[in-house]
Amino acid sequence: MERWILASTLTIACALTAPAVAQTPEELKRDLEALKAKVDRQSEVIADQAKKLAAFEDGRLEADRDAAVETEINRLSERMAKATTVRSGAERLTFAGEFRFRSYWEYGENAADVERDGTWTSAKIRFGILYEFTKNVAAYLDLQSTFAFGHNGHSNAAAPANFDPGEPIHACQAWLEVQNVFGIKELSSKVGRQSVTLGNQFQFGNADWYNGYFFDGARYDWNGENFTITAMALRTATTGTNDGNQFPAYGPFGSAFSPDGHDHDEYYVAYFTLKSLKDMTLDLYWIYANQHAGITLNSLGGTTGGLSGNPAAPAYFHTLGARFAGDVDVAAGLDWNLEVAYQTGSVDAVPGDFDVSAFAVEAELGVTFDEDSKFRAWIRGLFAEGPDGNDTGYLPIAPNRHSNTAAFRARYGQMDVMPMTDAFILTGGVHFDPWECWTFGLTGTWGQSDTDQGAGIDDSYGFEIDAWGEYRYSDALTFSGGLSILFPDDLLDGTVAGPSTFDDDPQFLLWAQARLFF
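The rules behind these values
- Sequence order as written defines the numbering, with residues in each chain counted from 1.
- In view of the model being predicted, local features appear only for residues whose pLDDT reaches at least 70, and side-chain atom pairs are presented and counted only at 80 or more, with totals across whole chains, interfaces and linings using the full set of residues.
- Processing note: side-chain calculations cover all non-hydrogen atoms of the structure and skip hydrogens and water entirely.
- pLDDT: the predictor's confidence for each residue, scored from 0 to 100.
- What makes two residues a contact is simply this: any of their non-hydrogen atoms within 4.5 Å.
- The helix count covers DSSP runs of H or I at least four residues long, the strand count covers runs of E at least two residues long, and both are numbered beginning at the N terminus.
- In protein, a polar contact means a hydrogen-donor-capable atom and an acceptor-capable atom, both N or O and within 3.5 Å, with residues adjacent in sequence counting only if both atoms are side-chain atoms; elsewhere, any N or O pair within 3.5 Å suffices.
- Note on aromatic pairs: the rings of Phe, Tyr and Trp (six-membered ring only in Trp) are paired at centre separations within 6.5 Å, and the planes decide the class, stacked below 30 degrees, edge-to-face beyond 60, tilted for the rest.
- Summary of the burial criterion: residues with accessible area below 20% of their type's maximum are buried, those above 50% are exposed, and those between are partly exposed, where the area comes from a 1.4 Å probe applied to protein chains only.
- By the counting rule applied here, Lys and Arg register as positive and Asp and Glu as negative, while His and the ends of each chain are not counted.
- By definition, a salt bridge exists where a carboxyl oxygen of Asp or Glu is found within 4 Å of a side-chain nitrogen of Lys or Arg.
- DSSP bridges decide pairing: two strands pair if at least two such bridges lie between them.

Caption draft 1: Broad picture of the confidence of the model for the protein. Confidence in the prediction of the protein, expressed as mean pLDDT, is 78, and 71% of residues score 70 or more. Segment residues 1-21 is flagged for pLDDT under 50; beyond a separation of four residues in sequence, or across chains, it makes eleven contacts in the model.

Caption draft 2: Broad picture of the side chain of glutamate 470. Its place among the elements puts glutamate 470 in strand β17 (residues 460-472). Of the polar contacts made by the side chain of glutamate 470, one reaches the side chain of arginine 409; its length is 3.2 Å. A distance of 2.8 Å separates polar atoms of two side chains, one belonging to glutamate 470 and the other to arginine 472. In this view, glutamate 470 contacts Arg409, Cys437, Trp438, Thr439, Thr478, Phe479 and Ser480; residues no more than four positions away in its chain are not counted.

Caption draft 3: Region of the structure containing the packing of aromatic side chains. A complete count under the given rule lists 22 aromatic pairs for this structure. On the numbers, 6.0 Å between centres and 80 degrees between planes, the contact of phenylalanine 424 with tryptophan 446 is edge-to-face. Pair noted here: phenylalanine 424 is in strand β15 (residues 423-432) and tryptophan 446 is in strand β16 (residues 438-448), with a separation of 22 residues, a long-range link. Seen in terms of ring centroids, tyrosine 473 and phenylalanine 479 are 6.4 Å apart; in terms of plane orientation they differ by 85 degrees. Their pairing is edge-to-face. The partly exposed category is assigned to phenylalanine 479, whose relative accessible area is 37%.

Caption draft 4: Highlighting unusual backbone geometry. Phi at phenylalanine 182 takes a positive value of approximately 55 degrees, unusual for a residue other than glycine. With respect to the helices and strands, phenylalanine 182 occurs in the loop between β5 (170-179) and β6 (187-194). You can call phenylalanine 182 exposed: its relative accessible area is 75%. With a phi close to 45 degrees, aspartate 422 is a non-glycine residue in the positive phi region.

Caption draft 5: Local environment of the side chain of aspartate 422. Here aspartate 422 shows up in the loop between β14 (376-384) and β15. The buried charged residue aspartate 422 lacks any salt bridge, with arginine 401 as its nearest oppositely charged partner at 13 Å. Dropping the residues within four chain positions of it, aspartate 422 is found in contact with Ala384, Glu385, Gly386, Pro387, Gln448, Ser449, Asp450, Thr451 and Tyr461.

Caption draft 6: Inspection of the pattern of salt bridges at higher detail. In the structure shown here, the tally under the stated rule is 17 salt bridges. For the salt bridge of arginine 92 with glutamate 132, the shortest nitrogen-to-oxygen distance reads 3.0 Å. Taken together, the residues span a long stretch of sequence, with arginine 92 in strand β2 (residues 92-107) and glutamate 132 in strand β3 (residues 118-134) at a distance of 40 residues. It is possible to trace a salt-bridge network through shared partners that takes in Glu98, Lys124, Asp208 and Arg515.

Caption draft 7: Structural context of the pairing of β16. Across the two faces of β16 the burial differs, with Thr439, Gly441, Thr443, Thr445 and Gly447 buried and Trp438, Phe440, Leu442, Gly444, Trp446 and Gln448 not buried at all. Pairing geometry for β15 and β16, over nine bridges, is antiparallel. Paired with phenylalanine 432 across the bridge in β16 is phenylalanine 440. Sheet topology note: the β16/β17 ladder contains eleven bridges and is antiparallel. By the bridge assignment for β17, tryptophan 438 is matched with tyrosine 471.

Caption draft 8: Seen up close, the environment of aspartate 279. Take aspartate 279: it is sitting in the loop between β9 (265-274) and β10 (280-291). Apart from the residues lying within four places of it in its own chain, the contact partners of aspartate 279 are Ala325, Gly326 and Asp327.

Caption draft 9: Spotlight on the environment of phenylalanine 127. Among the structural elements, phenylalanine 127 can be located in strand β3. Taking the C-alpha atoms as reference points, phenylalanine 127 and phenylalanine 99, separated by 28 residues in sequence, lie 8.8 Å from one another. Not counting residues up to four positions away in its chain, the partners in contact with phenylalanine 127 are Phe95, Ala96, Gly97, Leu141, Asp142 and Leu143.

Caption draft 10: Fine view of the pairing of β10. Where β9 meets β10, nine bridges bridge the pair, whose relative direction is antiparallel. Note that in β10 the partner of glutamate 266 across the bridge is asparagine 290. Linking two consecutive strands that pair antiparallel, namely β9 and β10, is a turn of five residues; a positive phi of about 60 degrees is found at aspartate 279 within it. In this sheet, strand β11 (residues 315-328) lies alongside β10 in antiparallel orientation, the contact comprising twelve bridges.

As structure tokens, then:
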């Protein structure tokens, strides 16, 4: 381009300095017009060359544009393989979700010696959107539906009135989180419907193997350098009630109603964690439960009503607890966890009241012997007092009994029939990775009641053996499966009164699962 500029300059200079020899005014005018036209053409050439140079320097040539588009598409594909992030009215949107399908094959008989052999498939679908408005403000919406195959679809010619929709899509989480509250970097808040996990999930866990636990309320966290403090006020809906529009039945707002008198289950929590201890964590907590709907003891449907004669007997009690956990440099790693809890309060039953005065302790020890295969052996034990006279025994709140994570694949057995109250339970096993992306494990669980069942009745729940494995197809997709064999004893085979779906013969459960989690 410099040559073009030099030539143009010389041309103009020569034209201007050439002697005007014997030129008439008409000839001079023609020469000036010709020179002007030549200057205009040279200016166009210079402008065109400058434009091409600018395009080259900015990387906006056609080939470069194609390469840039292809690169961006590849980057987008990589993001979509994990979690998709796009720009919106918020600073950023992040999509997350889960598709989980699990099939069961069950073999055995119930307490009436009726065969309960059969198969079924359960499904859970979740879709979440995280809205980030600034680095300190975020909101999250999580929609969920669970159903068994055959529930959700027009699979027959039945009238619409007979159509079973399964569980409708609903908001299992919807919260607003704010960091740096009042300009204090350690203080944050989360308000709305949310899952809660604390410590080793002995009191509050997410239970993602099933539908999960979700609470409405407010959570405030102080996250300091050496300690954290969490304060929460939570509420859950009482079974069979309708909270209407949060206004009195016949108050000034007319049509709004609340037949349950806003009588919901409520929890107030203060949870302290000390982080400054070397290789160890210390948790201290207080939980007050204003509980009305009874407390589920296990997957068989047993509740505190079995103790009080009223399945919805209100319970008002405090739980005071401490948890110690840590790691020790033994082999490839030794991990341990110890948690103790004491409860005091009352249960308003019919015809009389009961006292809540109970103790529970859970301990776990695990040793990883090899970093490559991740071969780990572990043992976990639980003691939770049962009813004694006028005392109810220990009342579980919302523990994570069973989940898709490694820590709680099956806290006390894959069949999930061992209760976490009135129980002394031992469980242990091994798991290892023989190849990359593969994990196999074997677990055994035994349990018995803390309560003396009387003469001629065994206090044992029984014994369970679980074998399982999983294959991680990708970061998002995992296939897993397992076989469980339960040897039920008197407390699970219908010998004594209470929930039971087994006879005294071995029960078999085979399952397979595909889970896409992103």
